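# An overview of the molecular structure
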Amino acid sequence: MEILKTYIPEDIASILMMAVFAVIAIWLVMFVVRKLIGIALVAAVVIGGFMVWQNPSMLLTAQDTATRYYEQWHDGGISNGDQQR
């Protein structure tokens, strides 16, 4: 069972190598993985936009939804029936 014991190196070279690998792993997570997630999100938006553009019924639904959200935002959340100008 000695194989499963935790090994903590005592020489400075091993500790430095572990620190270098930890810094590289943190760098990968902070920059590379974050950019890959961003690229995946952009690809999903592009593919979704292409799918909506190719389907006329989905395009009309998306246009109606966008128009409704814009009108709610522009009018301060007042629904169409309660508008007073």
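Since the model is a prediction, treat every value here as computed from it, not as a measurement. (Residues numbered from 1 in each chain as written. Predicted model: local features only at pLDDT ≥ 70, side-chain atom pairs only at ≥ 80, totals over all residues. Heavy atoms only, no water.)

### Observations concerning the overall build of the protein
- Along the protein, the regular secondary structure elements total two helices and zero strands.
- Out of the 85 residues in the protein, the part that is buried amounts to 2%.
- Of the roughly 8000 Å² that the protein leaves accessible, carbon and sulfur atoms contribute 71%. (Helix = DSSP H or I, 4+ residues; strand = E, 2+ residues; numbered from the N terminus. Buried < 20%, exposed > 50% of the residue type's maximum accessible area, 1.4 Å probe, protein only. Areas by Shrake-Rupley, 256 points an atom, 1.4 Å probe, with all protein chains shown as cover.)

### Comments concerning the packing of aromatic side chains
- Applying the stated criterion across every chain, the model contains two aromatic pairs.
- For the pair Trp27 and Phe31, a centre-to-centre distance of 6.2 Å together with 40° between the ring planes defines the contact as tilted. Of the two residues, Trp27 and Phe31 are both situated in helix H1 (residues 12–54); the distance of four residues between them amounts to about one turn of the helix.
- With a centroid separation of 5.8 Å and an interplanar angle of 40°, the aromatic rings of Tyr70 and Trp73 are classed as tilted. (Phe/Tyr/Trp six-rings, centres within 6.5 Å; stacked < 30°, edge-to-face > 60°.)

### Description of helix H2 (residues 56–74)
- If you check H2, its first and last C-alpha atoms are 26 Å apart, about what 19 residues at 1.5 Å a residue would give, namely 27 Å.
- Within two residues after H2, Gly76 carries a phi angle of roughly 75°, on the positive side. (Expected span 1.5 Å × (residues − 1).)

### Some details on H1
- Given a rise of 1.5 Å per residue, 43 residues ought to cover 63 Å, and the 61 Å separating the end C-alpha atoms of H1 matches this to within 8%.
- At Leu28, H1 shows its maximal kink, close to 35°. (Bend = angle between axes of the 7 residues up to and from the residue.)

### Thoughts on the packing of H1 against H2
- Where H1 meets H2, the axes come as close as 5 Å, and the angle between the chain directions of the two elements is 110°. Judged by the inter-axis angle, H1 sits roughly perpendicular to H2. Of H2, the residues touching H1 (which contributes Met51, Val52, Trp53 and Gln54) are Pro56, Met58, Leu59 and Ala62.
- Counted by class, the contact of H1 with H2 contains seven nonpolar, one polar and no charged residues. (Axes fitted to C-alpha atoms, helices over the stretch in contact; angles between N-to-C directions. Parallel < 35°, antiparallel > 145°, perpendicular 65-115°, else oblique. Contact = heavy atoms within 4.5 Å. Nonpolar A, V, L, I, M, F, W, Y, C, P; charged D, E, K, R; others polar.)

### Details of a nonpolar patch on the surface
- Together, Met17, Val20, Phe21, Ile24, Ile26, Trp27, Leu28, Met30, Phe31, Val32, Leu36 and Ile39 make up a nonpolar patch on the protein surface, roughly 1200 Å² of accessible area in all.
- Looking at the secondary structure, you find Ile24 in helix H1.
- Classification of Ile24 as partly exposed rests on a relative accessible area of 43%. (Patch = residues over 30% accessible without salt bridge, like charges linked within 9 Å, V, L, I, M, F, W, Y side chains within 5 Å. Salt bridge = Lys/Arg side-chain N within 4 Å of Asp/Glu carboxyl O.)

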